[in-house]
Every structure is written in structure tokens, then in C-alpha cells.
Amino acid sequence: MKTANLSHRVKRITADNPGVMTGPGTNTYVIGETDLTVIDPGPASHFHIDRLVKFCGNRLKQILVTHTHLDHSPGAKLLHDRTSVPIMGMVASHQSNQDQTFSPARILNDGDRLISDEYTLRVVHTPGHASNHLCFVLEEEEMIFTGDHIMNGSTVVIVPPDGSMLDYLESLEKLN
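Okay, so let's go over this structure. Treat the numbers as computed from the prediction; the structure is a model and nothing was measured. (Residues numbered from 1 in each chain as written. Predicted model: local features only at pLDDT ≥ 70, side-chain atom pairs only at ≥ 80, totals over all residues. Heavy atoms only, no water.)

### Here we look at the packing of aromatic side chains
Enumeration according to the criterion identifies one aromatic pair in this entry. Ring centres of Tyr29 and Phe145 lie 4.9 Å apart, and the angle between their planes is 55 degrees; on these two criteria the pair is classed as tilted. You can see Tyr29 sitting in strand 3 (residues 27–31) and its partner Phe145 sitting in strand 11 (residues 143–145), a full 116 residues away along the chain. Comparing Tyr29 with Phe145, the two get one shared label, buried. (Phe/Tyr/Trp six-rings, centres within 6.5 Å; stacked < 30°, edge-to-face > 60°. Helix = DSSP H or I, 4+ residues; strand = E, 2+ residues; numbered from the N terminus. Buried < 20%, exposed > 50% of the residue type's maximum accessible area, 1.4 Å probe, protein only.)

Structure follows, in C-alpha cells:
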């Protein structure tokens, strides 16, 4: 497991699923110091989830999912099963090629704000790569977690019917 400190509030933990579509592995982010949020717990990897549970301990408060593709969200159910922490995200319009285990305790909407004593995460609905794609803005640091909306070193894949190039281009403009 590769861990990187991006700031005093943000750690990136890379999942053990390297590949053509995932690069070195799915990026999982842990936000906070004592009141933790996990963004994108990744694939259904018991190894990765064991590491997240050990890293977070009893400080984990919520699990956020940018979208329900198999490299981003199946770990949410495994993490929830181990911690009972609520899962939040959005359900896809089309269920093909989606995580069928995804069952959020709360459906997130564009503009929602998730507020803790340590930080605020603002939800931005960015459909295109997937109809249910969300980005999360860490307001205190003006840092954005983009899931697969913007990628480093590769091109975002848009696969209809759930993906839409028109929606993707409009979502890019929204982040401008």
C-alpha cells in the first residue's frame, strides 16, 4: 500500500489494483485528523480494506463514493461491514457495469455540504464518465477530489448509456 501525505488533513492511499484502466491503483483519500472521511474505498479488496480499517481505527465517520464503477465503490460495502460507518453517494441511472452492492445510507446531491468540526466537503455533481459521478471540494484547502472526472496521465473513458460526452464537457465547464 502506497500512502502519501497531501496535507495535514489529506492522505492518499493507493489500492492494490494496478492496471491499464487504474494506473498504479485506485486512489483512496482519507480526510481529517480525528473525524475521518474516506473517499473512494476502491475495489472489493480485503487487503486494501484491512489497511484502511487499521489506518482509520475508530475515527472513521463517513464513506463517500465518487461513482459506482467497480474500481471505486465495492470497497465501500466491505468497509461499512467492518465499521458500520454510513456510505454516501449517488445511484447510477443505468446499472450495467456498476457496483451492484452499492447501497448508500444517504443520496448526495449537487451543492450538499458535509460539515465536521475539522473540515467541510462540498458535493459537485459531475456526470459524464458516469451519470452518478461526484467530485468533492475540501473547502478549507480549496482541494478537489475528482474520482475519474479528471485523471493524471490518461484519458477519461466515456461509455454510453451511463456515460455521456455532452454531460462530461458540461461538467468540466462547471468546475472552471
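That was the structure; now back to the text.
### As for the sheet that holds strand 10 (residues 134–138)
Reading across the sheet, the four strands line up as 8-9-10-11 and stay open at both edges, with antiparallel pairing between neighbours. Single-partner strands in this sheet number two, and they are strand 8 (113–115) and strand 11. With direction set aside, neighbouring strand axes in the sheet form an average angle of 25 degrees. Across three bridges, the pairing between strand 8 and strand 9 (residues 120–125) is antiparallel. Its bridge partner lying in strand 9, Leu114 is registered against Leu121. Strands strand 9, strand 10 and strand 11 of the sheet are contacted by helix 3 (residues 165–175), whose axis makes an angle of about 145 degrees with strand 9. (Pairing = 2+ DSSP bridges. Axes fitted to C-alpha atoms, helices over the stretch in contact; angles between N-to-C directions. Contact = heavy atoms within 4.5 Å.)

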